[in-house]
Amino acid sequence: MKKILIILDGASDLPNKILDNKTPLEYAYTPNLDYLTKNGKLGLMYPLDKKTIPGSDNSLIAIFGNNPQKCRRGIYEAVGAGLKLKKGNLALRTNFATIENLESKKLLDRRAGRTLTTEEAKELTEAINKNLKLPCRFEFKSTIEHRGVLILRGIHSDKISSVNSGWAGADKASKFEFSKPLDKDLDSKKSSSLINSFISQSYKILKNHPINQIRKKKGLFPANIILTRGAGSEIPKIRKYSKWMSINSMPLEMGIAKLSDMHNFSFKIPEIKSMDIYNYLYKLLDKKIGYSIKILKRNHKYFNGCYIQIKETDIPGHDNKPLDKKRIIEIIDEKFFKFIKEFSIKNKWEVIVACDHSTPCELKGHSNHPVPILIFNPEKIESRDYTHRFNEIEARMGSLKTFYGKDFVKITGLDK
């Protein structure tokens, strides 16, 4: 049976006082997800293991049946951003961020307040590419919002540490630390030295840039430092899904889809012209939903599966905005899952709904809590497990029980 895999990025959460001690998934009105749940099966999944805090990258790699320990996020981000890589090129995911200064090393915000416009990011990127000097060729590209990709050309080691990944939440990622070699190899020492030189020089270029001077006058976080993570120097061999399509426009998900041999459909992400990120976020969500529905209608006959990731459920968790998270879940249910329910029944497609990780609002970051998983088979409604709602609590009672991300492909049938 054909399958559609929908990842609600970071939608899983913890009980929140603002939501009457319920999670956003519990509190939200979701009649269409409820229908799929009542006629399907639920379970809980630890994306990696019970102790490790997952990112979207290694969680997705595990979900698609690959070894998460070999995940190198920079590679997927670079491929998704359309950059070409040769073996040995070092690729890293980057953030424009804000530190107090290099002396105190106090990290004020990992995303420069999430208020960076597209034009600002472009100008800052141009300043770095024009003025920063390294003893090797490099390519730095801003992608979406505060995000970017850095590539060091030549042959380099990826055995280096990330600079403030931030998965442990805002309070636990408040100290800036330079990259370090993870082994005693001289190439690793050289790679971390190059990255640290890039970071130090970028700070000198950015801290007095006119854009950041204006941002500070407006009371905004200056984008005065580059953080790096997920270093990778070799394109991985991962499980192929050559008869699948992907409907994704974010670099990470596009990179994973491309290296999984999926046919990816994407739309151009609109430029951010306003500093009201949530007004932009809701417009982007509407565009994502409308585009996904259009592509599914036009192309479902030509593929055996479809992968869609909805990023917008993750961002309010990082920003401690439970009401926005609840509202976004309700929008997705009303505008997207209503269509998915009808599409699945009409075309006999199995629906799999999952979260790649939990992003609790109160923690303002990812956590190691298990996430709910739903399987709805329109031809096997009689085998439902009589759970009623797609949330963290009911998932504990589901017939899929509790499992790990490494078993996802087997339990959902993605390996068939």
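**With respect to the pairing of strand β10 (residues 305-310)**
Buried residues dominate β10, accounting for six of its six residues. Of the two faces of β10, the one holding G305, Y307 and Q309 and the one holding C306, I308 and I310 are both buried throughout. Across six bridges, strand β1 (residues 3-8) lies against β10 in parallel orientation. Following the sheet pairing, I6 is matched in β10 by I308. Two elements, strand β8 (residues 244-247) and β10, share four bridges in a ladder whose sense is parallel. Counterpart to W244 in the pairing with β10 is G305.

**Comments concerning the packing of aromatic side chains**
Aromatic ring pairs are defined here through the distance separating the ring centres and the angle between the ring planes. Applying the stated criterion across every chain yields a total of 14 aromatic pairs. Ring centres 5.9 Å apart and planes at 70° place the aromatic pair F96 and F140 in the edge-to-face group. Taken together, the residues F96 in strand β3 (residues 90-99) and F140 in strand β5 (residues 138-142) connect sequence positions 44 residues apart. The burial state of F96 is the same as that of F140; both residues are buried. A ring pair is formed by F265 and F303, whose centres lie 6.2 Å apart and whose planes are at 85°; its orientation type is edge-to-face. Within this pair, whereas F265 is found in strand β9 (residues 263-265), its partner F303 is found in the loop between α9 (277-299) and β10, the two being separated by 38 residues in sequence. Neither F265 nor F303 differs from the other in exposure class; each is buried. One aromatic cluster is present, formed by F64, Y241, W244 and Y307 through successive ring pairs.

Rules behind the numbers
Residues numbered from 1 in each chain as written. Predicted model: local features only at pLDDT ≥ 70, side-chain atom pairs only at ≥ 80, totals over all residues. Heavy atoms only, no water. Buried < 20%, exposed > 50% of the residue type's maximum accessible area, 1.4 Å probe, protein only. Helix = DSSP H or I, 4+ residues; strand = E, 2+ residues; numbered from the N terminus. Pairing = 2+ DSSP bridges. Phe/Tyr/Trp six-rings, centres within 6.5 Å; stacked < 30°, edge-to-face > 60°.

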